[in-house]
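# Remarks on the overall topology
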Amino acid sequence: MNYPLNPALQQAIDSRLKVFETEQWVKRLWQKDPTLWSSNLEHQEIIRNRLGWLTLVDRMKEKVDEMEAFADELVQEGYRFALVLGMGGSSLTAEILSKTLGSVEGYLQVKVLDSTDPAMVQRLEQEIDLDETVFIVSSKSGTTLEVESFYRYFSSKVEPEQFVAITDAETPLERLAREKGFRKTFINPSDVGGRFSALSYFGLIPAALLGLDLAKFLENASRMIQACSSTNSTLDNPGLWLGAVLGEGARAQKPNLTLALSPEIALLGGWIEQMVAESLGKEERGIVPIDGEPVGDPPLYDASRLFVYLRYAKTGSAYLDGKMKALADTGHTVVQIELKDLYDVAGEFFLWEMATVVAGAILGVNPLDEPNVKESKEVTAELLKKFQQEGRLDEGSPMMEGNRISIYTDGGLKLKPGKATTVEEILATHLSRLEPGEFVAWLAYLPQTPEVDQEIESMRHGVLHILRAPTSVGYGPRYLHSTGQLFKGGPNRGVFIQITSDDPTDVLIPSAHYSFGILKKAQALGDFHALCRHSRRVIRCHLHGNPLESLKKLNAHFDAVI
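What this report covers is the structure whose coordinates are included nearby. (Residues numbered from 1 in each chain as written. Predicted model: local features only at pLDDT ≥ 70, side-chain atom pairs only at ≥ 80, totals over all residues. Heavy atoms only, no water.)

Sheet architecture is open: 5 strands sit in the order β2-β1-β3-β4-β5, paired in parallel fashion. One side of each edge strand has no neighbouring strand; the edge strands of this open sheet are β2 (109-113) and β5 (184-187). In this sheet, neighbouring strand axes are inclined to one another by 20 degrees on average, regardless of whether the strands run parallel or antiparallel. Strand direction decides the pairing type here: strand β1 (residues 81-85) and β2, joined by 5 bridges, are parallel. When the sheet's bridge partners are listed, Leu85 is paired in β2 with Leu113. Seen against the sheet, helix α7 (residues 118-127) touches β1 and β2 and runs at an angle of roughly 165 degrees to β2. (Pairing = 2+ DSSP bridges. Helix = DSSP H or I, 4+ residues; strand = E, 2+ residues; numbered from the N terminus. Axes fitted to C-alpha atoms, helices over the stretch in contact; angles between N-to-C directions. Contact = heavy atoms within 4.5 Å.)

Let us look at the nonpolar core. By size, the foremost hydrophobic cluster in this structure holds 99 residues, and its most contacted members are Leu209, Trp271, Leu310 and Trp352. With 13 residues, the top contributor of residues to this core is helix α15 (residues 345-363). When near neighbours in sequence (up to four residues on either side) are disregarded, Trp352 contacts Leu242, Leu246, Leu257, Leu259, Trp271, Ile272, Met275, Val276, Val308, Leu310 and Ile337. Core analysis: the second largest hydrophobic core is formed by 36 residues, Leu124, Phe150, Ala165 and Phe182 among them. (Core = buried A, V, L, I, M, F, W, Y, C linked by side-chain atoms within 4.5 Å. Buried < 20%, exposed > 50% of the residue type's maximum accessible area, 1.4 Å probe, protein only.)

Attention shifts here to the packing of helix α17 (residues 423-431) against helix α21 (residues 547-561). Look at α17 against α21: their axes get within 9 Å of each other, and the N-to-C directions meet at 55 degrees. What the angle tells us is that α17 and α21 run oblique. Relative to α21, α17 is oriented so that their crossing is right-handed. Residues Val423, Glu424, Leu427, Ala428 and Leu431 of α17 form the contact with α21, whose participating residues are Leu554, His557, Phe558, Ala560 and Val561. (Parallel < 35°, antiparallel > 145°, perpendicular 65-115°, else oblique. Left-handed = near helix turned anticlockwise from the far one by under 90°.)

A cluster of acidic side chains, namely Asp129, Asp131, Glu159 and Glu161, defines a negative patch on the protein surface. Turning to its location among the elements, Asp129 is positioned in the loop between α7 and β3 (133-138). (Patch = residues over 30% accessible without salt bridge, like charges linked within 9 Å, V, L, I, M, F, W, Y side chains within 5 Å. Areas by Shrake-Rupley, 256 points an atom, 1.4 Å probe, with all protein chains shown as cover. Salt bridge = Lys/Arg side-chain N within 4 Å of Asp/Glu carboxyl O. Lys, Arg positive; Asp, Glu negative; His and termini not counted. Charge placed at Lys NZ, Arg CZ, Asp CG, Glu CD.)

Per the counting criterion, the structure on display carries 42 salt bridges. Note that Glu95 and Arg478 form a salt bridge whose closest N and O atoms lie 3.0 Å from each other. Here the residue Glu95 occupies a position in helix α6 (residues 92-100), and Arg478 occupies one in the loop between β13 (471-475) and α19 (483-489), the gap between them amounting to 383 residues. Judged by its relative accessible area of 15%, Glu95 falls in the buried class. Classification of Arg478 by relative accessible area gives partly exposed; the value is 22%. The salt bridge partner of Asp117 is Lys520, with a shortest N-O separation of 2.8 Å. With Asp117 in the loop between β2 and α7 and Lys520 in helix α20 (residues 516-533), this pair connects stretches of sequence that are 403 residues apart. Taking the relative accessible area as the measure of exposure, Asp117 reaches 1% and is therefore buried.

Now for the side chain of Thr258. In this structure, Thr258 sits in strand β6 (residues 256-261). Judged by relative accessible area, which is 4%, Thr258 ranks as buried. Side-chain polar atoms of Thr258 contact the side chain of Arg305, separated by 3.0 Å. If we skip the residues at most four places from it in the chain, Thr258 touches Ile290, Glu293, Arg305, Leu306, Phe307 and Val308. (Polar contact = N/O pair within 3.5 Å; in protein donor to acceptor, adjacent residues only side chain to side chain.)

Attention shifts here to the sheet that holds strand β12 (residues 439-444). One open sheet accounts for 6 strands, arranged β10-β11-β15-β14-β12-β13; its pairing is mixed. Looking at which strands have only one partner, the edges of the open sheet turn out to be β10 (400-401) and β13. Of the strand pairs in this sheet, β10 and strand β11 (residues 405-409) are connected by 2 bridges, and their pairing is antiparallel. Paired with Glu401 across the bridge in β11 is Ser406. Against the sheet, α21 contacts β11, β12, β14 (494-501) and β15 (537-543), and its axis sits at roughly 135 degrees relative to β15.

Moving on: the pairing of β13. Most of β13 is tucked away: 5 of the 5 residues are buried. Burial along β13 is two-sided: the residues Thr471, Val473 and Tyr475 and Ser472 and Gly474 are all buried. Following the chain from β12 across helix α18 (residues 450-467) to the adjacent parallel β13, one finds a crossover that is right-handed. (Right-handed = clockwise from strand over helix to strand, strands pointing away.)

So, on to the pairing of β15. Counting buried positions along β15 yields 7 of 7 residues, so the element is predominantly enclosed. Neither face of β15 is left uncovered, since the one carrying Arg537, Ile539, Cys541 and Leu543 and the one carrying Val538, Arg540 and His542 both have all their residues buried. Inspection of the sheet shows β11 paired to β15 by 5 bridges, in the antiparallel sense. Directly across from Ser406, in β15, lies its bridge partner His542. Here 7 bridges tie β14 to β15, and the two strands are oriented parallel to one another. Within β15, the residue paired with Phe496 across the bridge is Val538.

Along an α-helix, residues three or four positions apart point the same way, because every turn accommodates 3.6 residues. Between its first and last C-alpha atoms helix α1 (residues 7-22) spans 22 Å; for 16 residues at 1.5 Å apiece the expected length is 22 Å, and the two agree. What α1 keeps buried is the set Leu9, Ile13, Arg16, Leu17 and Phe20. Along the axis of α1, the buried positions cluster into a sector of 100 degrees, meaning they face one direction only. Facing away from the buried surface of α1 by more than 90 degrees, the exposed residues are Pro7, Ala8, Gln11, Lys18 and Thr22. Packing partners of the buried residues in α1 comprise α2 (25-30), α12 (238-251), β9 (333-339) and α15. Capping the start of α1 is the job of one residue whose side-chain oxygen sits 2.8 Å from the backbone nitrogen of Ala8: Asn6. (Expected span 1.5 Å × (residues − 1). Arc of directions from axis to C-beta.)

Honestly, that's just the spatial picture; any functional story needs more than this.
Shown next as structure tokens:
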């Protein structure tokens, strides 16, 4: 169903598409013209070297036989599991395919480790049989700290021939794989950025191990590419049209891109969240993707929202269909995209890649870099260096210290005179800094379990239903490779609640002189410092003792002040 758009927004979109047609935007995109985004010669060279995703699928079609033969070889040798060791773009696609399309009978179960939380590392290890597992070490740069740590941990437990590397040419990871005797190394095209790599080896090797039909998968992507190559009419080009909606929507004060997805394809939302946030959140501009927020009734939402509903046509969703119609009927902007088959996710990868770069041109940002991502990494590296020298991490001084919860704040949070320094007073004061159209984000350095999800979703529910503000949830450190760019480089429209905890058990990283628990804490502190450096409104709630029980206590305090 196509819902009518606001007349003013529709006019802006139509005008933009006419400009694109006049400027031959699509033709210039396929010619890899960097001036679409920047007049800076240095930036143009970087952009030109990151547009390989446009022609990636044809290159990967030539590799289908090789990838499928590799998967069959592992099946014949008795491997039952594949554990992807990756972060951000190198692992998100694997997770989506594993949980959305699943494993064909007889092929491998694919799991993803993208958390430095000790409990998550232990849980993933318990879910597999080490002797029947192949480990996919995935990193474009070959220097990702988390991936290096995962490799160090598992390489002390299994044989080198159980490791496979996916990386760019001439990276430290490629050299490591050669020196240690990895089973195989897949060299990914270097002109494809991490978050644009879903249709490269990073996504296709896990797909092959699942037993998916790679030819069908890539052909689905090709159909979308052909549609997005249309220069006959801008109206016939879905990537150009969606990008114009996103970009002009943001310019019309609708920056909160709210995703609603049928349950069968729900995980695709996390991939879209990364694509949009990391590509467009910079230079104090950007679009805020809201993923995983339960869809409510129209009065819960203000005019800052732009809804995109990805609907799985085979099963439909009477509940979401009704909610979207109600939103459209009350004047909200709603765009609906139909997926007729689960393999259509391949086409969606390309659609959103193109729509994002189009929106970047409209907003005047380079969608192909991520200038603020390395900030938190650099602070984390400094903290770990000091830990190795001093044996401790400097956490700063809390505003409030308790048996269950201690709270650290940015320099701008001030309690009203005469108010007691309590958890509830700090939370209330922090939330009072929220302005209309702004969002609240939880940054949780906790094990991602159903029980933890439930507590955070309860807090999220309160903000949506009582404060009526958009909400975002990210688990650390994975969000650092996704929304982290937006939170530091985008517009200052967020109120952040970082949650850290004591670790009941910890896991040492061989040869690293620190543990996963210390690494996770350093990453949390690094991002907290980076957010403060950008004058973001942020508090850190540190949970003592049992993390889940203390989180429940925090939730109760939160409920009391909402």
